[in-house]
Amino acid sequence: MAKIIDGKAYAEGLRARIGKAVKTLQAEHGLTPGLAVVLVGEDPASKVYVANKAKQTVEVGMNSWEYKLPATTSESELLALVEKLNKDPAVHGILVQLPLPKQIESAKVLNTIDPAKDVDGFHVVNAGRLSTGQDSLVPCTPVGSVMLAKDVLGKLDGLEAVVIGRSNIVGKPVAQLLLQENCTVTIAHSRTRDLPGVVRRADLVIAAVGRPEMVKGDWLKPGACVIDVGINRIERDGKGKLVGDCDFASCEKVAGSITPVPGGVGPMTIACLLHNTVRAACQQKGIPVPQM
Ligand code: NAD
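This is a predicted model, so every value here is computed, not measured.

Turning to the nonpolar core, a few remarks are in order. Ranked by size, the top nonpolar core spans 54 residues in total, and within it I18, L156, L178, L204, I206, I227 and V278 carry the most contacts. Taken domain by domain, this core gets at least three of its residues from each of domain 1 (31-115) and domain 2 (140-267). Here L178 is in contact with V146, L156, A161, V163, C183, V185, L204 and I206, once residues within four sequence places are set aside. Counting 19 residues, the second-largest nonpolar core is a separate cluster that includes L195, M214, L220 and C251.

Here it is in structure tokens:
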């Protein structure tokens, strides 16, 4: 049976280290990192994410601002708010929660955020810097996924890694991070032929598809590490339930280690967002980024 990778515990430890780093920055440099989160509209899942982000930001001792705008907000109104936050020296990180209402072009908004404050790492400058191996702010879920893989496997050098999904938010950046770790990386997607055959090659599988329980145990190489990024809400036995992109029951019998859903990658995302905010604050002030 696979070792269960406890992302909740890892994220708690990371948040504690971030809290310590924030205290030191306040004491030694008078710097309190600050994160502004912008929510447009009433999407229930987004509301929960934004509330959790704000709560955890305050818990580690940082400043938090929440901007809640109506679903009817125009693109120019949102861009004006982003420009205002770009200029505010107390705001070190800006996050615009996705998805945005259809009258707003997401790419335009994301690319208006100052790249130095882009703690989600979605600005084209940060994506370009990541793909050319330059220092950048890196998307949170991919960073959290790789942290968990490294925690359980140690060095990833030379491993066969298969990433399922090619989104700009998860699939592509996680593949870039694995390349930096010297993995041999395959990106599989909706047009991949013989997905089970591709996945069977992998020492490390990262599933970011958005299809409940798609990856089955008999797709896995025995002993593989499985990082399940998917968060899917399904109905089972008349009850709502969260499941990943991997069929946990069959995968845990074959994998060497696996993240559960919930309690795996999910908690890592906000912890990595706080990590990015501290980093962004230090870089904006010319202070060395503390170890966290
Ligand atoms: P997305 O819809 O943007 O991308 C999904 C990708 O999966 C696409 O690239 C597509 O090619 C691929 N795909 C679709 N069907 C496929 C199939 N049958 N076989 C192989 N590939 C297929 O989704 P996303 O934003 O990358 O998110 C993926 C999942 O991760 C979702 O469940 C999402 O909820 C979850 N997620 C979790 C976190 C977190 O843990 N905090 C953060 C972001 C996303």
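There's more to say after this.
We now examine the packing of helix 1 (residues 7-29) against helix 10 (residues 266-285). Viewed as axis vectors pointing N to C, helix 1 and helix 10 meet at an angle of 20°, and their least axial separation amounts to 8 Å. With respect to their mutual orientation, helix 1 and helix 10 come out roughly parallel. The chirality of how helix 1 crosses helix 10 is left-handed. Between helix 1, through G7, K8, Y10, A11, L14, R15, I18, V22 and L25, and helix 10, the contact on the second element is made entirely by P267, M268, A271, C272, L274, H275, V278 and C282. Its residues assigned to classes, the contact of helix 1 with helix 10 comprises 13 nonpolar, 2 polar and 2 charged.

Compared with the 18 Å implied by 1.5 Å per residue over 13 residues, the 19 Å span of helix 3 (residues 75-87) between its first and last C-alpha is a close match. For helix 3, every residue scored as buried is listed here: E75, L78, L79, L81, V82, L85 and N86. Along the long axis of helix 3, the arc covered by the buried residues comes to 160°, so they all point the same way. Structural note: helix 3 exposes S76, K84 and K87 on the side pointing more than 90 degrees away from its buried face. Contacts made by the buried residues of helix 3 are with strand 2 (34-40), strand 3 (63-69), strand 4 (93-96) and helix 4 (106-110).

Attention now goes to the domain arrangement of the protein. When the domains of the protein are assigned, the result is domain 1 (31-115) and domain 2 (140-267). The C-alpha-based centres of domain 1 and domain 2 are spaced at 28 Å.

About the criteria used
- Going along each chain's sequence as written, the residues are numbered from 1 onward.
- pLDDT decides what is reported in this predicted model: residues at 70 or higher carry local features, side-chain atom pairs at 80 or more are listed and counted, and totals for whole chains, interfaces and linings draw on all residues regardless.
- To obtain the side-chain values, all non-hydrogen atoms of the structure were used and water was disregarded.
- To qualify as a nonpolar core, a set must consist of buried Ala, Val, Leu, Ile, Met, Phe, Trp, Tyr and Cys residues joined through side-chain atoms within 4.5 Å.
- Burial here depends on accessible area, computed with a 1.4 Å probe over protein chains only, as a share of the maximum for the residue type. Under 20% is buried, over 50% is exposed, and the range in between is partly exposed.
- Segmentation into domains, and thus their bounds, comes from an automatic or database assignment.
- Any two residues whose heavy atoms approach within 4.5 Å at even a single point are treated as in contact.
- Angles here are taken between N-to-C directions and fall from 0 to 180 degrees, while the axes themselves are lines fitted to C-alpha atoms, restricted in helices to the stretch in contact.
- Each helix corresponds to a stretch of at least 4 residues labelled H or I by DSSP, and each strand to a stretch of at least 2 residues labelled E; elements are numbered beginning at the N terminus.
- Roughly parallel covers angles under 35 degrees, roughly antiparallel covers those over 145, roughly perpendicular covers 65 to 115, and oblique covers all other angles.
- Each crossing gets its handedness from the near helix: less than a right angle anticlockwise from the far helix is left-handed, clockwise is right-handed.
- Side-chain classes are defined by residue name, with Ala, Val, Leu, Ile, Met, Phe, Trp, Tyr, Cys and Pro counting as nonpolar, Asp, Glu, Lys and Arg as charged, and the others, Gly among them, as polar.
- Here the expected length of a helix is defined as 1.5 Å per residue gap, with one fewer gap than residues.
- It is the directions from the helix axis to the C-beta atoms whose arc is reported.

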